[in-house]
Amino acid sequence: MPDSRPKTIQVFLPNGNPWGLRVARITSRTVQATETPRKKLSEVSTRLVIPIREIE
């Protein structure tokens, strides 16, 4: 059964650049997603400790 209630998603831009690292959260849950462009992976890996898991 899909959850059709409205939700708020916050997007945090650590560098202030929308084309760089982005961290998104659903405010009413403990869900967080981190996205970064491939070209910036080495830069991000030196700044943050992010466990990398494959999503199936």
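This text follows the structure it describes.
Residues numbered from 1 in each chain as written. Predicted model: local features only at pLDDT ≥ 70, side-chain atom pairs only at ≥ 80, totals over all residues. Heavy atoms only, no water.

1. Re the pairing of strand β3 (residues 31-35)
Then, number 1: Summarising the sheet, strand β2 (residues 22-26) and β3 pair through 5 bridges and their orientation is antiparallel. Bridging from a neighbouring strand, A24 pairs with A33 of β3.
Then, number 2: Connecting the antiparallel pair β2 and β3 is a turn made up of 4 residues. (Pairing = 2+ DSSP bridges. Helix = DSSP H or I, 4+ residues; strand = E, 2+ residues; numbered from the N terminus.)

2. Observations concerning the sheet that holds β3
Strand pairs in the sheet, formed through backbone hydrogen bonds, run parallel or antiparallel to each other.
Then, number 1: Within the open sheet, the 3 strands sit side by side as β1-β2-β3. Their pairing is antiparallel. Edge positions in the sheet fall to β1 (9-12) and β3, since each has one partner strand and no second. Strand-to-strand twist in this sheet, taken as the mean axis angle between neighbours without regard to direction, amounts to 20 degrees. (Axes fitted to C-alpha atoms, helices over the stretch in contact; angles between N-to-C directions.)

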